[in-house]
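# Examining the three-dimensional arrangement
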Amino acid sequence: PERALPVVQIASPLAVQIVSTPMHLLGLDLYNRPKQPVASRLSFIAREYLKSTAARFARIGPAFGIGGVSNTFLRQKFQLMGKEVFHQA
């Protein structure tokens, strides 16, 4: 259980990108090419999906995954230190 939280904190933001990237690409395509047929849109999404998802992983992973794990770890350590300091006084 102790190791599950960091794994989930890193994996969850990345997993969301798998679903959100096609929606993001569709939104960009609708805005930039408003009168294209559905087949053209699906082709665009398929063509751009892997590199866009990789870029989003690279952007989101450090901030929300690793940053979230670090934040949780440091917050717990500082809370424990604070309790020790104030209970000794």
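Up top is the structure these notes are about.
So, a few notes on the structure that sits alongside this text. (Residues numbered from 1 in each chain as written. Predicted model: local features only at pLDDT ≥ 70, side-chain atom pairs only at ≥ 80, totals over all residues. Heavy atoms only, no water.)

Broken down by element type, the protein carries two helices and zero strands. The globule rule puts the C-alpha radius of gyration for 89 residues at 12 Å, and the 20 Å found for the protein is more than 25% above it. For the protein, the spread of C-alpha atoms along the three principal axes comes to 70 × 25 × 15 Å. Buried residues in the protein amount to 20% of all 89 residues. Sequence separation of at least 24 residues holds for 68% of the intrachain contacts in the protein that already meet a minimum separation of 6. The protein carries 11 positive and 4 negative side-chain charges, and their two centres are separated by 8 Å. (Helix = DSSP H or I, 4+ residues; strand = E, 2+ residues; numbered from the N terminus. Rg over C-alpha atoms; globule rule 2.2 N^0.38 Å. Buried < 20%, exposed > 50% of the residue type's maximum accessible area, 1.4 Å probe, protein only. Contact = heavy atoms within 4.5 Å. Lys, Arg positive; Asp, Glu negative; His and termini not counted. Charge placed at Lys NZ, Arg CZ, Asp CG, Glu CD.)

As enumerated under the stated definition, the model contains four salt bridges in all. D29 is paired through a salt bridge with R41; the nearest N and O atoms lie 3.0 Å apart. Pair noted here: D29 is in helix α1 (residues 4–32) and R41 is in helix α2 (residues 38–88), with a separation of 12 residues, a long-range link. On the basis of relative accessibility, which here comes to 3%, the residue D29 falls in the buried class. Through salt bridges with shared partners, a single network forms among D29, R33 and R41. (Salt bridge = Lys/Arg side-chain N within 4 Å of Asp/Glu carboxyl O.)

The next point concerns the environment of A58. Mapping A58 onto the fold places it in helix α2. Expressed as a C-alpha distance, the spacing of A58 and R33, which sit 25 residues apart in the sequence, is 27 Å.

Under the 1.5 Å per step criterion, the end-to-end length of α1 is 41 Å for 29 residues, consistent within 8% with the ideal 42 Å. Taken as a whole, α1 carries its principal kink of about 40° at V19; the proline P22 stands between one and four residues after it. (Expected span 1.5 Å × (residues − 1). Bend = angle between axes of the 7 residues up to and from the residue.)

What follows covers a nonpolar patch on the surface. A surface patch of nonpolar side chains, amounting to about 430 Å² of accessible area, comprises F73, L74, F78 and M81. Checked against the element boundaries, F73 lands in helix α2. (Patch = residues over 30% accessible without salt bridge, like charges linked within 9 Å, V, L, I, M, F, W, Y side chains within 5 Å. Areas by Shrake-Rupley, 256 points an atom, 1.4 Å probe, with all protein chains shown as cover.)

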